[in-house]
Amino acid sequence: EEFKKLDEKITANKWFLPLVWVSKMIGRGVEDGHILAPTAGILMKEVGTIRQNLQSLLSYDWISVPLVYTQTVTLATYFYFFAALFGAQWVIPDNDNAYEKIYKTPAGETSKLDMIFPF
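Because the structure is predicted, anything quoted here is derived from the model rather than measured.

### Brief notes about the overall build of the protein chain
And step 1. Scanning the protein chain from terminus to terminus reveals 6 helices and 0 strands.
And step 2. If you list the helices and strands of the protein chain from N to C, you get α-α-α-α-α-α.
And step 3. Relative to its full complement of 119 residues, the protein chain shows a buried share of 12%.
And step 4. Considering only residue pairs separated by 6 or more positions, the protein chain has 27% of its internal contacts joining residues 24 or more positions apart.
And step 5. Here the protein chain has roughly 10,500 Å² of accessible surface; of this, 65% comes from carbon and sulfur atoms.

Below, the structure is given as structure tokens:
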């Protein structure tokens, strides 16, 4: 309900409001004597750490990824695909001696056919 009331009044980001409420509760706890001052200092330090981490997370949203990065990744993917496609091609030697030297298997008609249709 608190957020709905604030939405009518404020249009800015309200991600930090629960942290403000927590710090007010810690302050009231110190005033009422429920929380000791050193403990309140440690709690406020932790709330500050949480706020800092949330702020850094929010700053990632403000940095837009330029179109150049998307194009670079696309081109790198295409280049890798074509390099893998050409790299996976079989070499067909001219004679049986060269075939045995490259593939280290005896050259026969069935093994040559296997290199062309490898299934």
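### Concerning the environment of Phe16
And step 1. Inspection of the secondary structure assignment puts Phe16 in the loop between α1 (2-9) and α2 (17-32).
And step 2. Take Phe16: its relative accessible area is 31%, and that puts it in the partly exposed class.

### Things to note about the packing of aromatic side chains
And step 1. Taken as a whole and assessed by the stated rule, the structure comprises 1 aromatic pair.
And step 2. Where Phe81 meets Phe82, the ring centres are 5.4 Å apart and the plane angle is 65 degrees; that geometry is what we call edge-to-face.
And step 3. On the basis of relative accessible area, Phe82 is assigned to the partly exposed category, the value being 44%.

### A closer look at a nonpolar patch on the surface
And step 1. Together, Leu75, Tyr78, Phe81, Phe82, Leu85 and Phe86 give the surface a local cluster of nonpolar side chains, amounting to about 700 Å² of exposed area.
And step 2. By secondary structure assignment, the location of Leu75 is in helix α4 (residues 67-87).

So, how was this worked out
- Residues numbered from 1 in each chain as written.
- Predicted model: local features only at pLDDT ≥ 70, side-chain atom pairs only at ≥ 80, totals over all residues.
- Heavy atoms only, no water.
- Helix = DSSP H or I, 4+ residues; strand = E, 2+ residues; numbered from the N terminus.
- Buried < 20%, exposed > 50% of the residue type's maximum accessible area, 1.4 Å probe, protein only.
- Contact = heavy atoms within 4.5 Å.
- Areas by Shrake-Rupley, 256 points an atom, 1.4 Å probe, with all protein chains shown as cover.
- Phe/Tyr/Trp six-rings, centres within 6.5 Å; stacked < 30°, edge-to-face > 60°.
- Patch = residues over 30% accessible without salt bridge, like charges linked within 9 Å, V, L, I, M, F, W, Y side chains within 5 Å.
- Salt bridge = Lys/Arg side-chain N within 4 Å of Asp/Glu carboxyl O.

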